[in-house]
Amino acid sequence: MNRVQYSLGILGIGVTLSMGAYQALAQETIGEVSTTFRMMSPNDKVVIERYDDPKVENVSCYLSRAETGGWSGAMGFAEDPSRFSIACRAVGPTRVTGKIPTDRKGEVVFSEDASILFKELRISRFMDVEKNVLVYLVWSTKLIDGSPYNSISVVPLD
C-alpha cells in the first residue's frame, strides 16, 4: 500500500467516525426509553428533549421523538421516523424579547437534522393575535416530500 492509499484510508475512517458522532442535538436531553431491543447494536428509542424559545422568556417546548438504533443509527446513517409529540409550557412569567411574526407563515424557531443529508425536524412558532397565544408546530422536511405527521401546542401570553 502506498502513502496516498494509506492517507485516503485514514481519511475515510475519519469521515466515517465523524458521521458516527452525528446526532441531532437539543438544548437539553431530558430522558429516553428503549422501544426495540437489539442484541448487538444500540436499541431504538424515544428521546425527550427540551427547547427554550429564544424570543420568549420562560417558554419551553418538550419534544418526544423516535430515534433509530441499530448500527446504521449508531453511525448516523439511519433516517429517524417522522413521529413526534410536542408540549410547550410557560415555566414562569412570559416576556417577548424579540419580534414575533404575525403572518400565516410563522417562524422556524428550531431546526435539526433527522438524517445525514436530506431530512430536518423543525419547530415553528405562530402568533394568534386574537387570542394572544403562541402556537408551536413540530413537523419535518424531506428533500422530495415532507411528512404529514405533526403535533401542536399552545402557550398563552401574559
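The coordinates are above.
Source: prediction; values computed, not measured.

Read from one edge to the other, the open sheet built from four strands follows the order β1-β2-β3-β4, with strand pairing classed as antiparallel. Edge positions in the sheet fall to β1 (28–36) and β4 (84–96), since each has one partner strand and no second. The sheet shows a mean angle of 15° between the axes of neighbouring strands, direction not considered. Here nine bridges tie strand β3 (residues 56–67) to β4, and the two strands are oriented antiparallel to one another. Across the sheet, Tyr62 pairs through a bridge with Ala87, a residue of β4.

Enumeration according to the criterion identifies eleven salt bridges in this entry. We note a salt bridge from Arg122 to Glu120, for which the minimum N-O separation is 2.9 Å. Of the residues examined, Arg122 reaches a relative accessible area of 23% and is grouped as partly exposed. Overall, the relative accessible area of 23% leaves Glu120 in the partly exposed class.

Of note in this structure, Asn58 is not a glycine but carries a positive phi near 70°. Looking at the secondary structure, you find Asn58 in strand β3. A relative accessible area of 33% means that Asn58 is categorised as partly exposed. One non-glycine residue, Asn132, adopts positive backbone phi at about 55°. Position of Asn132 relative to the elements: it lies in the loop between β6 (119–128) and β7 (133–142).

Moving on to the state of the cysteines. A covalent bond bridging the sulfur atoms of two cysteines is what the word disulfide describes. Scanning the entire structure with this criterion turns up one disulfide. Here Cys61 is linked by a disulfide to Cys88, with a sulfur-sulfur distance of 2.1 Å. Sign of the S-S torsion, about 110° for the bond between Cys61 and Cys88, identifies this disulfide as right-handed. Of this pair, Cys61 sits in strand β3 while Cys88 is found in strand β4, placing the two residues 27 residues apart along the sequence. For Cys61, a relative accessible area of 1% translates into the label buried.

Quick notes on the rules
- Residues numbered from 1 in each chain as written.
- Predicted model: local features only at pLDDT ≥ 70, side-chain atom pairs only at ≥ 80, totals over all residues.
- Heavy atoms only, no water.
- Pairing = 2+ DSSP bridges.
- Helix = DSSP H or I, 4+ residues; strand = E, 2+ residues; numbered from the N terminus.
- Axes fitted to C-alpha atoms, helices over the stretch in contact; angles between N-to-C directions.
- Salt bridge = Lys/Arg side-chain N within 4 Å of Asp/Glu carboxyl O.
- Buried < 20%, exposed > 50% of the residue type's maximum accessible area, 1.4 Å probe, protein only.
- Disulfide = S-S within 2.5 Å.

None of this, on its own, says anything about what the molecule does.
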